[in-house]
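Each chain is listed here by its residues.
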Amino acid sequence: MSRQSNKGTAVVTGASSGIGAVYADRLAGQGYDLVLVARRADRLEELAETLRYAYGRKVGVISADLADDNDVRRVEQAIAGDDSVTLLVNNAGLGGAQVVATADADVAERMIKVNVIALTRLTRAVLPGLIARNRGAIVNIASVLAFDTSFGGIYSGTKAYVVNFTEALQREVAGTEVTVQVVLPGATRTDFWEAAGSDINNVPQEIVMSADDLVDAALVGLARGEAVTAPGLADAAKLDAFLGARQGFFGSLHANKPAARYGV
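Please read these numbers as outputs of a predicted model, since none were measured by experiment.

### So, the overall build of the protein
Reasoning step 1: Helices and strands together make up the secondary structure of the protein, namely 8 helices and 9 strands.
Reasoning step 2: Expected size for 264 residues packed as a compact globule is a radius of gyration near 18 Å; at 19 Å, the protein falls within 12% of this value.
Reasoning step 3: Expressed along its principal axes, the backbone C-alpha trace of the protein runs to roughly 70 × 45 × 40 Å.
Reasoning step 4: When burial is assessed residue by residue, the protein has 44% of its 264 residues classed as buried.
Reasoning step 5: In the protein, the share of contacts with a sequence separation of at least 24, taken over all contacts with a separation of at least 6, comes to 68%.

### Overview of helix H1 (residues 18-30)
Reasoning step 1: End to end, H1 covers 19 Å across 13 residues, agreeing with the expected 18 Å (1.5 Å per residue, within 8%).
Reasoning step 2: Burial in H1 covers these residues: Ile-19, Gly-20, Ala-21, Val-22, Tyr-23, Ala-24, Leu-27 and Ala-28.
Reasoning step 3: Residue Gly-31 follows H1 closely and has a positive phi angle near 110 degrees.

### With respect to the sheet that holds strand S5 (residues 136-141)
Reasoning step 1: The 7 strands are arranged S3-S2-S1-S4-S5-S6-S9 in an open sheet whose pairing can be described as parallel. Every interior strand has two partners, whereas the edge strands, strand S3 (59-63) and strand S9 (228-229), have only one.
Reasoning step 2: The sheet contact formed by strand S6 (residues 178-183) and S9 spans 2 bridges and is parallel. When the sheet's bridge partners are listed, Val-183 is paired in S9 with Thr-229.

### What about the environment of Val-61?
Reasoning step 1: On the secondary structure map, Val-61 appears in strand S3.
Reasoning step 2: Val-61 has contacts with Leu-36, Leu-44, Glu-45 and Ala-48, leaving out every residue within four places of it along the chain.

### A look at the environment of Ala-217
Reasoning step 1: Tracing the sequence through the fold places Ala-217 in helix H7 (residues 211-223).
Reasoning step 2: Taking the relative accessible area as the measure of exposure, Ala-217 reaches 28% and is therefore partly exposed.
Reasoning step 3: As for Ala-217 and Ala-259, which are separated by 42 residues in sequence, their C-alpha atoms are 44 Å apart.
Reasoning step 4: Aside from chain neighbours lying at most four places away, what touches Ala-217 is Thr-229 and Pro-231.

### Description of the side chain of Asn-140
Reasoning step 1: When you line up the elements, Asn-140 lands in strand S5.
Reasoning step 2: A polar atom in the side chain of Asn-140 sits 2.9 Å from the side chain of Asn-90.
Reasoning step 3: Look past the residues within four positions of Asn-140 in its chain and what remains in contact with it is Asn-90, Leu-119, Thr-123, Val-162, Phe-165, Thr-166, Leu-169, Gln-181, Val-182 and Val-183.

### Observations regarding the packing of H1 against helix H2 (residues 41-55)
Reasoning step 1: Direction vectors running N to C along H1 and H2 enclose 20 degrees, while the axes themselves pass 10 Å from each other. With respect to H2, the axis of H1 lies roughly parallel. Between H1 and H2 lies a crossing of right-handed hand. Contacts between H1 and H2 involve Ala-21, Ala-24, Asp-25, Ala-28 and Gly-29 from the first element and Leu-47, Leu-51 and Tyr-55 from the second.
Reasoning step 2: Each residue belonging to the contact of H1 with H2 can be placed in one class, and the counts come to 6 nonpolar, 1 polar and 1 charged.

### Regarding the packing of H1 against H7
Reasoning step 1: One way to put it is that H1 packs onto H7 with a least axis distance of 9 Å and a crossing angle of 50 degrees. The angle between H1 and H7 places the two elements in the oblique class. The interaxial crossing formed by H1 with H7 has right-handed handedness. Contacts between H1 and H7 involve Gly-18, Ile-19, Val-22, Tyr-23, Arg-26, Leu-27 and Gln-30 on the former and, on the latter, Ala-211, Asp-212, Leu-214, Val-215, Asp-216, Ala-218 and Leu-219.
Reasoning step 2: In terms of residue class, the contact of H1 with H7 is made up of 9 nonpolar, 2 polar and 3 charged.

### Here we look at the side chain of Lys-159
Reasoning step 1: Its location among the elements puts Lys-159 in helix H5 (residues 153-172).
Reasoning step 2: For Lys-159, a relative accessible area of 5% translates into the label buried.
Reasoning step 3: The residues contacting Lys-159, other than those within four sequence positions of it, are Asn-115, Ile-141, Ala-142, Ser-143 and Ala-146.

### Some words on the pairing of strand S2 (residues 33-38)
Reasoning step 1: Counting buried positions along S2 gives 6 out of 6 residues, so the element sits mostly inside the fold.
Reasoning step 2: Along S2, one buried face is formed by Asp-33, Val-35 and Val-37 and the opposite face, lined by Leu-34, Leu-36 and Ala-38, is buried too.
Reasoning step 3: Inspection of the sheet shows S2 paired to S3 by 5 bridges, in the parallel sense. Within the sheet, the bridge partner assigned to Ala-38 lies in S3 and is Ser-63.
Reasoning step 4: With H2 bridging S2 and the parallel S3, this β-α-β connection has right-handed handedness.

Parameters at a glance
Residues numbered from 1 in each chain as written. Predicted model: local features only at pLDDT ≥ 70, side-chain atom pairs only at ≥ 80, totals over all residues. Heavy atoms only, no water. Helix = DSSP H or I, 4+ residues; strand = E, 2+ residues; numbered from the N terminus. Rg over C-alpha atoms; globule rule 2.2 N^0.38 Å. Buried < 20%, exposed > 50% of the residue type's maximum accessible area, 1.4 Å probe, protein only. Contact = heavy atoms within 4.5 Å. Expected span 1.5 Å × (residues − 1). Pairing = 2+ DSSP bridges. Polar contact = N/O pair within 3.5 Å; in protein donor to acceptor, adjacent residues only side chain to side chain. Axes fitted to C-alpha atoms, helices over the stretch in contact; angles between N-to-C directions. Parallel < 35°, antiparallel > 145°, perpendicular 65-115°, else oblique. Left-handed = near helix turned anticlockwise from the far one by under 90°. Nonpolar A, V, L, I, M, F, W, Y, C, P; charged D, E, K, R; others polar. Right-handed = clockwise from strand over helix to strand, strands pointing away.

Dropping the structure here:
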């Protein structure tokens, strides 16, 4: 058990298992105190005790359902008023391969609340303080499915929002010492799949990454100042080409009259 120099407090949502729990472990090991947020209080407390013992860090827990408006506001108030916060990892998320016509509307709403609304509100809660202190980072966990709708448009749509939202944040903090990163996991071995009603064992195992490897790569990307981290992408030039092509496409969308092909 050792205590390193304090890097401030990292807030990690969805911290009771999977990617969030790995982030909590790695960040405690790097010298962060922690605030862990998730629904399952018993698992949070168990993880917190383990991290306190292993790393000698202060670890607080907030049991909250981020699909519940009151719980989100309770978390907001706690972290907005904490000047020690230097890092927010928006990891909590709900998944599922629902298509719109047959989706349960309440299930879809919960997914949007957790993946989009809670992420936005918690970011808004900490960002002014980070900017005022000119220090810190926000990490938003999106998905490679932000660029593919085969898993259902609702989930994909929420993750596309996370990507665009994070890109806009990066523009907003330009010129400051605040870093904003979006992480694009592919298939990752966690209990997320079971909760989403899927079986990861049905996915080709050559594309399934462990949560440990994913987080370790994402943290390397954060340390390098990567705006977009795609741990499964072997050729980083492909990301640059994609982003450049998208920007060029956007630039071609503007004109003072409809294109000639419409005959207007």
